[in-house]
Structures are given as C-alpha cells and as structure tokens.
Amino acid sequence: MATIIAPSILSADFANLESELKKVTDGGAEYIHIDVMDGTFVPEITIGAGVVKSLRKVSNAFFDVHLMVEHPETQIKSFADAGADLITFHVEAAKHAHRIIQQIHELGKKAGVALNPGTSISMIEELVEDADLILVMTVNPGYGGQKFIESQLGKIHMLYHMIEEMETDCDIEVDGGINAETSKLVREVGANILVAGSAIFGAADIAQAIKDIRGKEIIHHHHDEDDEE
Ligand code: DX5
Ligand code: ZN
C-alpha cells in the first residue's frame, strides 16, 4: 500500500493557513490533517468547523479531521458540512462508537477511530470492519512536537494483523512524533497514513521533509506467506 502523508496544520502558522496549506500540497502531501481540540478531552482549544469551512474554499485537498473532543457525536454534522473528507473521533470519548461511524457514513464521509497510547486495540476490534481507518496515537494527544512513544509499534503491528485476518479494508494512520526516522519504524509494522506536524512545518525545505518522511515503499508479506515460514 502506498504511503499517504498528512501534514498536521497544528504546527502551521495560523495567521497564514491558506499559504501554509499550499506549501504542503505543492510539496506532495496527499492529506491535510486538522487537529480539533475542545479544551476538555485535551487541555488546549484549537480549530473549529468555521475554520475548516474557510479552508475548504481555498483548497481541494483531502481534509483529514482529527476530533480530540468529548461528545464527538455532537460535532460530526458541523465538520461534515464544513467540508471534512474523513472524520476521526476518539474511542475513549465515545459511548456509542459504532453509531458514530454510521452517522459519519450517512453524511457521505470516511470514518476513523483513534486510540490513545494507553488504549488497547481490543477496544476497536468490533469497529474495524465498519471503520475506514484506525488512528494509533504515538504521543498522548494535545500538543505538537512531542516524542514518539516506541511501545506503540507492537500495537500497530497487532492491528495490522487483526485487519488482515478479518480480510477487511482499513487504513492504519499514526500521529505524533513522526519524522524520517520514526516513519520507517511505523511503516515497517503496517502503518500507511502518516501524520506529521513539526517535522514538516518546522523544516526549511517542506517538499524534502515530506519526501524523507514518505521514504522508500515497504512491501508487506501476506499472512499466509508468514505461516509458511
Ligand atoms: C497531537 C496531534 C497531532 C500533532 C502532531 O495531539 O493530534 O496531529 O499535530 O504533531 P507532531 O508531528 O509534531 O508530533
Ligand atoms: Zn492529530
């Protein structure tokens, strides 16, 4: 599976979002990762649906909206109407996660489910078949520029096998502390969508940073082949 790069605009200059978006799409990024924080699920407050609506007017990029909010079910429609293409909510914030996936699909959008570093993949086992994507946080959500948590690699690998065994289509996205080095680690265990904030917007050459994070394509062997070993 080809790697998709999703620059997080959390690390962009908020006074110049239009030009910041253009820099990363010109630099080869496929998705724009938009971090929505409510000051409750995580301490800070960031971007609301109004900002997404304005950005939609100046960009055709794929908008990957990451909701770090309590009561995500109350926010789905606003962000769908504002122009999100993918809406990801946290399983820790959802009482009826399966229903939220249905709600997102009814609005014609892709649905993602996010897991904090302390949350086991057993929490999403019953959701993998219906979700389009599982987002494994490789930092505790809330801030850009934190250190990658290595213990999440085993979880990503287990998730990769879980998805394969279910013979379903589900992307694995990772978010937090991704740079050219950690990119290789997560791609090796099966992640195919990589979010990066500070490593992209903090780089002198944005196109080069995107290229470095994308790296060389890794060919994964199928489970059957593993069994023959
Ligand atoms: C963290 C956000 C991330 C953040 C990643 O709560 O969900 O998307 O912007 O930033 P870096 O890549 O700097 O770790
Ligand atoms: Zn994020």
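Note: the structure precedes this text.
This is a predicted model, so every value here is computed, not measured.

Student: Kindly report on the overall build of the protein chain, identifying the contributing residues and their values.
Tutor: Across its full length, the protein chain holds nine helices and eight strands. Computed over the C-alpha atoms, the radius of gyration of the protein chain is 17 Å, within 12% of the 17 Å expected from 2.2 N^0.38 for a compact globule of 229 residues. Counting only C-alpha atoms, the protein chain reaches 55 × 40 × 30 Å along its principal axes. Counting only residues that meet the buried cut, the protein chain has 51% of its 229 residues in that class. The long-range share in the protein chain, meaning contacts at least 24 apart out of those at least 6 apart in sequence, stands at 66%. By element, 49% of the accessible surface of the protein chain is carried by carbon and sulfur atoms, the whole surface being about 10800 Å².

Student: So what about the pattern of salt bridges? Which residues, and what values?
Tutor: Per the stated rule, a full pass over the model turns up six salt bridges. A salt bridge links Lys-23 to Glu-20, with the shortest nitrogen-to-oxygen separation between them at 2.8 Å. Here Glu-20 and Lys-23 lie together in helix α1 (residues 17-26), a separation of three residues that amounts to about one turn. Its relative accessible area of 44% is what places Lys-23 among the partly exposed residues. For Lys-77, the salt bridge is made with Asp-81, and the minimal N-O distance between the two is 2.7 Å. A residue pair is termed a helical-turn pair when its members lie 3 or 4 positions apart in one helix, as Lys-77 and Asp-81 do in helix α3 (residues 76-82) at four residues.

Student: Account for the coordination of the zinc ion (ligand 2), naming residues and giving values.
Tutor: His-33 (NE2), Asp-35 (OD), His-66 (ND1) and Asp-175 (OD) make up the full set of protein donors to the zinc ion (ligand 2), lying at 2.0 to 2.3 Å. Around the zinc ion (ligand 2), the six donor atoms are arranged such that angles at the metal cover 71 to 170°; this shape is classified as octahedral. In the primary sequence, the donor residues of the zinc ion (ligand 2) line up as H-x1-D-x30-H-x108-D. A residue pair is termed long-range when its members are at least 10 positions apart, and Asp-35 in strand β2 (residues 31-37) and Asp-175 in strand β7 (residues 171-175) qualify at 140 residues. Of the two residues, Asp-35 and Asp-175, neither departs from the other in class, the shared state being buried.

Student: Which residues make up the sheet that holds strand β1 (residues 4-7), and what values do they have?
Tutor: The strand order across the open sheet formed by eight strands is β1-β8-β7-β6-β5-β4-β3-β2, and the pairing between neighbours is parallel. Two strands lie at the open edges of the sheet, namely β1 and β2, each paired on one side alone. Each strand of the sheet is rotated relative to its neighbour by a mean of 25°, with strand direction disregarded.

Student: Outline unusual backbone geometry, listing residues and values.
Tutor: In the Ramachandran plot, His-71 falls in the positive-phi region, its phi being about 50° despite a non-glycine side chain. Tracing the backbone through its elements, the reader meets His-71 in the loop between β3 (62-68) and α3. Even without being glycine, Glu-167 reaches a positive phi, approximately 50°. If you trace the backbone, Glu-167 turns up in the loop between α5 (152-165) and β7.

Student: Can you explain α5? Please cite residues and give values.
Tutor: Taking 1.5 Å of rise per residue, the 14 residues of α5 would be expected to cover 20 Å, and the 20 Å separating its terminal C-alpha atoms lies within 8% of that figure. In terms of burial, α5 is largely enclosed, as 10 of its 14 residues are buried. Restricting attention to buried positions, one finds in α5 the residues Gln-152, Leu-153, Lys-155, Ile-156, Leu-159, Tyr-160, His-161, Met-162, Ile-163 and Glu-164. Phi turns positive one or two residues past the end of α5, at Glu-167, with a value near 50°.

Student: So what's going on with the packing of aromatic side chains? Residues and values would help.
Tutor: Applying the stated criterion across every chain yields a total of one aromatic pair. When the ring of Tyr-31 is compared with that of Phe-62, the centres are 4.0 Å apart and the planes differ by 20°; the resulting orientation is stacked. Taken together, the residues Tyr-31 in strand β2 and Phe-62 in strand β3 connect sequence positions 31 residues apart. If you follow Arg-56 out to its NZ or CZ, it ends over the ring of Phe-63, 3.8 Å from the centre.

Student: Before we move on, can you summarise the nonpolar core with the specific residues and values?
Tutor: In terms of nonpolar packing, the biggest core is built from 63 residues, with Ile-9, Ile-124 and Leu-159 touching the most fellow members. Per-element accounting of this core gives the leading share, six residues, to α5. If we ignore the near neighbours within four places in the chain, the residues touching Ile-124 are Val-91, Val-113, Leu-115, Ile-134 and Leu-159.

Student: Account for the pairing of strand β6 (residues 133-137), with residues named and values stated.
Tutor: Of all the five residues making up β6, five are buried; the element is thus mostly covered by neighbouring parts of the structure. Going residue by residue along β6, you find Leu-133, Leu-135 and Met-137 tucked away on one face and Ile-134 and Val-136 tucked away on the opposite face as well. Relative to β6, strand β5 (residues 110-115) runs parallel, the two sharing four bridges. Across the sheet, the residue bridging to Leu-115 is Val-136, located in β6. With five bridges joining them, β6 and β7 adopt parallel strand pairing.

Definitions and cut-offs
Residues numbered from 1 in each chain as written. Chains lettered and ligands numbered in written order. Predicted model: local features only at pLDDT ≥ 70, side-chain atom pairs only at ≥ 80, totals over all residues. Heavy atoms only, no water. Helix = DSSP H or I, 4+ residues; strand = E, 2+ residues; numbered from the N terminus. Rg over C-alpha atoms; globule rule 2.2 N^0.38 Å. Buried < 20%, exposed > 50% of the residue type's maximum accessible area, 1.4 Å probe, protein only. Contact = heavy atoms within 4.5 Å. Areas by Shrake-Rupley, 256 points an atom, 1.4 Å probe, with all protein chains shown as cover. Salt bridge = Lys/Arg side-chain N within 4 Å of Asp/Glu carboxyl O. Donors = N, O, S within 2.8 Å, 3.2 Å for Na, K, Ca; no water. Tetrahedral: all angles 85-135°; square planar, octahedral: opposite > 155°, others 65-115°. Pairing = 2+ DSSP bridges. Axes fitted to C-alpha atoms, helices over the stretch in contact; angles between N-to-C directions. Expected span 1.5 Å × (residues − 1). Phe/Tyr/Trp six-rings, centres within 6.5 Å; stacked < 30°, edge-to-face > 60°. Lys NZ or Arg CZ within 6 Å of the ring centre and 35° of its normal. Core = buried A, V, L, I, M, F, W, Y, C linked by side-chain atoms within 4.5 Å.

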